[in-house]
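Residue strings, one per chain:
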Amino acid sequence: MTANTILSDINEIHTGFVLAGKKWDKLGIEAKTQYNQRCSQATPTEVADAIGKAEVMATEFLKWAKQNKYSGTVSDVWWTARPNSMSQAVGEPVDQKKNPTDILVKFTSGPAKGFLGLSAKATQGKGDIGFKNPGLGTVDRN
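Per chain, the residues get numbers from 1 upward, laid out in the order the sequence is written. Totals for whole chains, interfaces and linings use all residues, but because this is a predicted model, local features are given only for residues with pLDDT of at least 70 and pairs of side-chain atoms are given and counted only at 80 or more. Only hydrogens and water are removed before side-chain values are computed, so all heavy atoms of the structure are retained for them.

Attention shifts here to helix α1 (residues 4-19). Spacing of three or four residues puts side chains on the same side of an α-helix, whose turn is 3.6 residues. Working definition: helices are DSSP H or I runs of at least four residues, strands are E runs of at least two. Numbering for both runs from the N terminus. Between the first and last residue of a helix there are one fewer steps than residues, each counted as 1.5 Å, and that sum is the expected span. Here α1 contains 16 residues, and its C-alpha end-to-end distance of 22 Å stays within 8% of the 22 Å for a straight helix at 1.5 Å per residue. At the exit of α1 stands Gly21, carrying a positive phi of roughly 70°.

Right, here's the structure in full:
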């Protein structure tokens, strides 16, 4: 069985790819390179499963965004599951240890200057997915 980190990367990056209008130039060459490498490390069935989950995840993310006052188009998408990637995306320091975002999306308008993060969680059905929600008090203090 393929390691969860490989399948997680496929899921995360493919979700970002869908949110980027299925255009690699919007998501970045590093993400495309990592995606291709990870896909070669998994079985075709596992890749298809991760892609299917990612497609649904992207659709539901966009529905949620629209319901919560994000509007316009997706102007940028970043795969932020790597150190310092979120700080580079938003142009200011971000402590990624306190932010579980895997994919960061910038809408042309919406709360938080149009930025909305997605923590892509998927499972192979063998247990609960761990979620980390620091709560409003922690977010406010930070």
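Picking up where we left off.
The bulk of non-glycine residues show a negative phi, and the bulk of peptide bonds are trans. Residues other than glycine seldom take positive phi values, yet Lys22 does so here, at roughly 55°. If you trace the backbone, Lys22 turns up in the loop between α1 and α2 (24-27). For Lys22, a relative accessible area of 46% corresponds to the partly exposed category. Buried means the residue's accessible area, taken with a 1.4 Å probe over protein chains only, is under 20% of the maximum for its type, while exposed means over 50%, and partly exposed covers the values in between.

On to helix α3 (residues 29-40), then. The terminal C-alpha atoms of α3, which comprises 12 residues, lie 17 Å apart, in line with the 16 Å expected from a rise of 1.5 Å per residue. By the burial criterion, the buried members of α3 are Ala31, Gln34, Tyr35, Arg38 and Cys39. One side of α3 holds all its buried residues, which, seen down the axis, span an arc of 130°. Summarising the geometry of α3, the exposed residues directed more than 90 degrees from the buried face are Ile29, Glu30 and Ser40. Arc, as used here, means the arc of the directions from the helix axis to the C-beta atoms.

The next thing to look at is the packing of aromatic side chains. Each aromatic ring pair is summarised here by two numbers: the centre-to-centre distance and the angle between the ring planes. Ring pairs are drawn from Phe, Tyr and Trp, using the six-membered ring of Trp, whenever the two centres fall within 6.5 Å, and their geometry is named by plane angle: stacked under 30 degrees, edge-to-face over 60, tilted for the rest. Evaluation of the coordinates by the stated rule reveals five aromatic pairs. Pairing Phe61 with Phe107 gives two aromatic rings, centres 6.4 Å apart and planes at 25°, and the pair type is stacked. One end of the pair, Phe61, is in helix α4 (residues 44-67); the other, Phe107, is in strand β2 (residues 103-109), with 46 residues separating them in the sequence. Of the two residues, Phe61 and Phe107, neither departs from the other in class, the shared state being buried. Considering the side-chain rings of Trp78 and Phe115, the 5.9 Å spacing of their centres and the 35° angle between planes classify their relative orientation as tilted. With Trp78 in strand β1 (residues 71-79) and Phe115 in strand β3 (residues 115-118), the pair connects residues that are 37 residues apart, well separated along the chain. Of the residues examined, Trp78 reaches a relative accessible area of 23% and is grouped as partly exposed. Take Phe115: its relative accessible area is 17%, and that puts it in the buried class. In textbook terms, an aromatic cluster arises when at least three aromatic residues are bridged by ring pairs, as seen for Phe17, Trp24 and Tyr35. The rule for a charge over a ring is simple: NZ of Lys or CZ of Arg within 6 Å of the ring centre, and within 35 degrees of the ring normal. In this structure, Lys106 is placed above the aromatic ring of Phe115, and the distance from its NZ or CZ to the ring centre is 5.1 Å.

Values of pLDDT, ranging from 0 to 100, describe the predictor's confidence in every residue of the model. Averaged over all residues, the pLDDT of the protein is 85; the fraction at 70 or higher stands at 85%. Any two residues having at least one pair of non-hydrogen atoms within 4.5 Å are treated as being in contact. Every residue in residues 128-140 scores below 50 in pLDDT, and together they form nine contacts with partners more than four places removed in sequence or on other chains.

Turning our eyes to something else, we now look at the packing of α1 against α3. Lines fitted to the C-alpha atoms define the axes, with helices restricted to the stretch that makes contact. Angles between their N-to-C directions range from 0 to 180 degrees. Contact geometry for α1 and α3: axes closest at 9 Å, N-to-C directions at 135°. As judged from the angle between their axes, α1 and α3 are oblique. Handedness of the α1/α3 crossing: left-handed. In this structure, α1 contributes Thr5, Ile6, Asp9, Ile10, Ile13 and His14 to the contact, and α3 contributes Ala31, Gln34, Tyr35, Arg38 and Cys39. Side-chain classes are defined by residue name, with Ala, Val, Leu, Ile, Met, Phe, Trp, Tyr, Cys and Pro counting as nonpolar, Asp, Glu, Lys and Arg as charged, and the others, Gly among them, as polar. Classifying every residue of the contact of α1 with α3 by side-chain character gives six nonpolar, three polar and two charged. Working rule for angles: under 35 degrees goes down as roughly parallel, over 145 as roughly antiparallel, 65 to 115 as roughly perpendicular, anything else as oblique. Rotating anticlockwise by less than a right angle from the far helix to the near helix defines a left-handed crossing, while the corresponding clockwise rotation defines a right-handed one.

Ordered by their spatial adjacency, three strands build an open sheet running β1-β2-β3, and the pairing between neighbours is antiparallel. The open sheet terminates on both sides in strands that have one partner only, identified here as β1 and β3. The mean inter-strand angle of the sheet, taken between neighbouring strand axes irrespective of direction, is 25°. Across four bridges, the pairing between β2 and β3 is antiparallel. Along β3, the bridge assignment pairs Ile103 with Leu118. Its contacts with the sheet place α1 against β1, β2 and β3, and it is angled at close to 145° to β1. Should DSSP find at least two bridges between two strands, the strands are regarded as paired.

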